[in-house]
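# Structural description and commentary
Each chain is listed here by its residues.
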Amino acid sequence: MNSPRDSIAVDTKSVQALDSAHYIHAFTDTKALATQGARVIVKGEGIYIWDSEGKKILDGMSGLWCVNVGYGRKELSRAAVAQMDVLPYYNSFFNTTNLPAVNLAKAIVDVAPDGFNHVFFTGSGSEGNDTIFRMVRRFWDVKGQPQKKTFIARHNAYHGSTVCGASLGGMSYMHEQGDLPIPGIAHIQQPYYFEHGQGLSEDEFGLKAASWLEEKILELGADKVAAFIGEPVQGAGGVIIPPRTYWPEIQRICAKYDVLLVSDEVICGFGRLGTWFGCQTLGYQPDLITFAKGVSSGYIPLGGVLVGDRVANVLIEQGGDFNHGFTYSGHPVACAVALENIAILQRENLVERIRTDIGPYFKQQFEALTDHPLVGVANACGLMAGLVLVKNKATLEMFAADKGVGMVCRGHLFGNGMIMRAVGDRLIIAPPFVITRGQIDEMMGLIRSCLDAAHADIKGRGWLQHSA
Ligand SMILES: *Cc1c(COP(=O)(O)O)cnc(C)c1O
């Protein structure tokens, strides 16, 4: 095979000029980007991508937590072409259905935890959470408890970018734009041990963080609270892995006050933590599950909701019409690709491999980064991991936020062909499931050399003064 550079000839400068002239990017300062020019990604294969300058980059983020089976899988492109040739589109509004959507609903139910027998399809994770917001309120209406409306979510959660998704999320920089959150949503503190756990063991802190839910329910009145929503492990918030005591206690509290439990598994679903759904790794049984990203390995937009029997039985037996849905709900091409993606996960045993082999190896290698002078704490769960950059390893003192040390490190990583994301001064990673041990070694080598370069850079700026 030719190198990707030979096969895709691109004039980078002219693409960048067109990009800044016409294309408003997600979560980006368009004006600032225009001065430096966007990086043009032209090709992917396995765990690597290439830019228009021919540079090979190790994609430690699986795109945006989604390209789980790796780039360049012909099985997936063939599934899309085959379905497009037969039936590229039909809707599911008018008492109609299509084969890929039916088969995918069955395939998802087959890998879901017990008690999940129904699926609602959307085009994205945000739409999945919007669907849950409406579905849960409809559930309580049908049950004759219409006053149970309020959702409780968490600060620093990410639940998408639509009005409802951004409102459920706990990102203050999103709330600031457009008067969010919408009414009927309350937030509690996240279970982030490093920041909030001082003086407690991790297990004690998990119980304490869960108790904030009980306090909020009592403050609002249990008769007003419809549901609690959380990510098993917070992704965009910086890979915040809760103590193992947290989720079972959350479940106990939800049951006690008759509050539905929603697991936003847009990242954790379909294997990332080494079980098909993250709730299975973290030990709880939700009533509803949001999925997207990994269901299609990002090859095509698809999301949805797994509806547990408690909710499904009420909505289906007593609810009548549910006046909600999207043009692309159950899109046959998207569903055909997702079906093949699940078949790949099963054929290649990728989920079990994370649990028993590549996940433990990744965890061991990643957590060993704590010996680096810049790293305070490093934790992994399945194939998700994050580390905290610190000024002083002994006291775990962090750098001043305005220094942007995370972005300094990210710059060194990007410059050296390694994609890792910076969330404040946390560096996070979530590689494709197909990564090998050899590639993990390569990735850790890149991370270490970039951390060394960043350390020298930071020292040169005088930011390490007064530290041990
Ligand atoms: C990405 C993400 C979403 C939003 O999904 P989109 O497909 O971007 O709308 C929701 N929840 C979580 C946990 C996510 O990571």
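Given the structure is predicted, the values throughout are model-derived calculations rather than measurements.

### Details of the sheet that holds strand S13 (residues 418–419)
Spatial strand order, S1-S2-S3-S13: 4 strands in an open sheet with mixed pairing. Only two strands of the sheet have a single neighbouring strand rather than two, namely strand S1 (41–45) and S13. Sheet topology places strand S3 (residues 56–59) next to S13; 2 bridges connect them, and they run parallel. Its bridge partner being in S13, Asp59 is matched across the sheet by Ile419. Where helix H18 (residues 437–460) meets the sheet, it contacts strand S2 (48–51), S3 and S13, and its direction lies at approximately 105° from that of S3.

### Quick notes on the confidence of the model for the chain
Chain-level pLDDT for the chain is 96 on average; 98% of the residues reach the 70-or-more range. Mean pLDDT across the secondary structure elements of the chain bottoms out at helix H1 (residues 4–7), with 54, and peaks at strand S8 (residues 260–264), with 99.

### Comments concerning the nonpolar core
With 109 residues, the main nonpolar core has Phe228, Phe270, Phe362, Phe366 and Ile447 as its most contacted residues. Of all the elements, H18 adds the most residues to this core, at 9 residues. Residues in contact with Ile447, not counting those within four places in the same chain, are Leu369, Leu413, Met418, Met420 and Ile429. Met135, Phe139, Val142 and Val314 belong to the second-largest nonpolar core, a separate cluster that totals 25 residues.

### Section: the pairing of S1
Consecutive side chains along a regular strand alternate between the two faces of the sheet. Across 4 bridges, S1 lies against S2 in antiparallel orientation. Residue Ile41 lies in a different strand from S2, and its bridge partner there is Asp51. Here S1 hands over to S2 after 2 residues, with Gly46 in that stretch at a positive phi of 65°.

### Concerning the side chain of Gln439
Following the sequence through the fold, Gln439 ends up in helix H18. One polar contact links the side chain of Gln439 to the main-chain amide nitrogen of Thr436, over a distance of 3.0 Å. Setting aside chain neighbours within four positions, we find Gln439 in contact with Ile47, Tyr48, Leu58 and Val434.

### Re the packing of helix H6 (residues 99–111) against helix H15 (residues 332–347)
For any two helices packed against each other, one specifies the crossing angle of their axes together with the interaxial distance. Where H6 meets H15, the axes come as close as 8 Å, and the angle between the chain directions of the two elements is 35°. H15 is crossed by H6, and the crossing has left-handed handedness. For the pair H6 and H15, contact is made by Pro100, Ala101, Asn103, Leu104, Ala107, Ile108 and Val111 and by Pro332, Cys335, Ala336, Ala338, Leu339, Ile342 and Gln346, respectively. Residue composition of the contact of H6 with H15, grouped by class: 12 nonpolar, 2 polar and no charged.

### Here's the deal with the packing of aromatic side chains
Here the structure, examined in full by the defined rule, presents 17 aromatic pairs. With a centroid separation of 4.1 Å and an interplanar angle of 15°, the aromatic rings of Trp247 and Tyr284 are classed as stacked. Here Tyr284 lies in the loop between helix H13 (278–282) and strand S9 (288–291) and Trp247 lies in helix H12 (residues 246–256), a separation of 37 residues in the sequence. Accessibility expressed as a relative area gives 1% for Trp247, which makes it buried. The class of Tyr284 is buried, set by a relative accessible area of 3%.

### As for the environment of Tyr89
Residue position: Tyr89 is located in the loop between helix H5 (74–86) and H6. Beyond its immediate sequence surroundings of up to four residues, Tyr89 is in contact with Thr327, Tyr328, His331 and Pro332. Within the local environment of Tyr89, its side chain forms a polar contact with the backbone oxygen of Thr327, the two atoms lying 2.6 Å apart.

### Topic: the domain arrangement of the chain
When its domains are assigned, the chain resolves into domain 1 (4–72 + 352–460) and domain 2 (75–347). Put simply, the middle of domain 1 and the middle of domain 2, counted by C-alpha atoms, are 27 Å apart. With 34 residues of domain 1 in contact, the opposing surface of domain 2 contributes 33 residues. Summing both sides of the interface, domain 1 and domain 2 together bury roughly 2,400 Å²; the carbon and sulfur share of this comes to 68%. When the buried area of domain 1 at its contact with domain 2 is split by residue, Trp65, Val69 and Met384 rank highest and sum to 27% of it. Taken together, the connections running from domain 1 to domain 2 amount to 0 salt bridges. Taken together, the elements giving at least two residues each to the side of domain 1 that touches domain 2 come down to helix H4 (62–65), helix H16 (350–367), strand S11 (375–381), strand S12 (384–389), strand S14 (421–423) and strand S15 (426–429). Broken down by class, the residue content of the side of domain 1 that touches domain 2 amounts to 24 nonpolar, 7 polar and 3 charged.

What counts, and where the lines are drawn
Per chain, residues are indexed from 1 in the order of the written sequence. Predicted model: local features are reported for residues with pLDDT of at least 70 only, side-chain atom pairs are reported and counted for 80 or more only, and whole-chain, interface and lining totals are derived from all residues. Only heavy atoms go into the side-chain values, all of them from the structure, while hydrogens and water stay out. Strands are treated as partners if at least two bridges between them are detected by DSSP. Starting at the N terminus, helices and strands are each numbered in turn, a helix being any DSSP run of H or I of at least four residues and a strand any DSSP run of E of at least two. Contacts are assigned to residue pairs that have any heavy atoms within 4.5 Å of one another. Angles shown run from 0 to 180 degrees and are taken between the N-to-C directions of axes, each axis being a line fitted to C-alpha atoms and, for helices, limited to the stretch in contact. pLDDT expresses how confident the predictor is about each individual residue, on a scale running from 0 to 100. To form a nonpolar core, buried Ala, Val, Leu, Ile, Met, Phe, Trp, Tyr and Cys residues must be joined to one another through side-chain atoms within 4.5 Å. The buried label goes to any residue with under 20% of its type's maximum accessible area, the exposed label to any with over 50%, and the partly exposed label to all in between, with areas taken from a 1.4 Å probe on protein chains only. Under the rule applied, a polar contact is a pair of N or O atoms within 3.5 Å (in protein, one hydrogen donor and one hydrogen acceptor; residues adjacent in sequence only if both atoms are side-chain atoms). Helix crossings are classified by the rotation of the near helix relative to the far one: an anticlockwise turn of less than a right angle makes the crossing left-handed, while a clockwise turn makes it right-handed. For this classification, the nonpolar set comprises Ala, Val, Leu, Ile, Met, Phe, Trp, Tyr, Cys and Pro, the charged set comprises Asp, Glu, Lys and Arg, and every other residue, Gly included, is treated as polar. Aromatic pairing here means that ring centres of Phe, Tyr or Trp (its six-membered ring) are within 6.5 Å. Orientation follows from the plane angle: under 30 degrees is stacked, over 60 is edge-to-face, and everything else is tilted. Throughout the structure description, domain borders are defined by an automatic or database domain assignment. Note: buried area is the sum, over both parts, of the accessible area (probe 1.4 Å) each one loses when the two are combined. Salt bridges, as used here, are contacts in which a Lys or Arg side-chain nitrogen is within 4 Å of a carboxyl oxygen on Asp or Glu.

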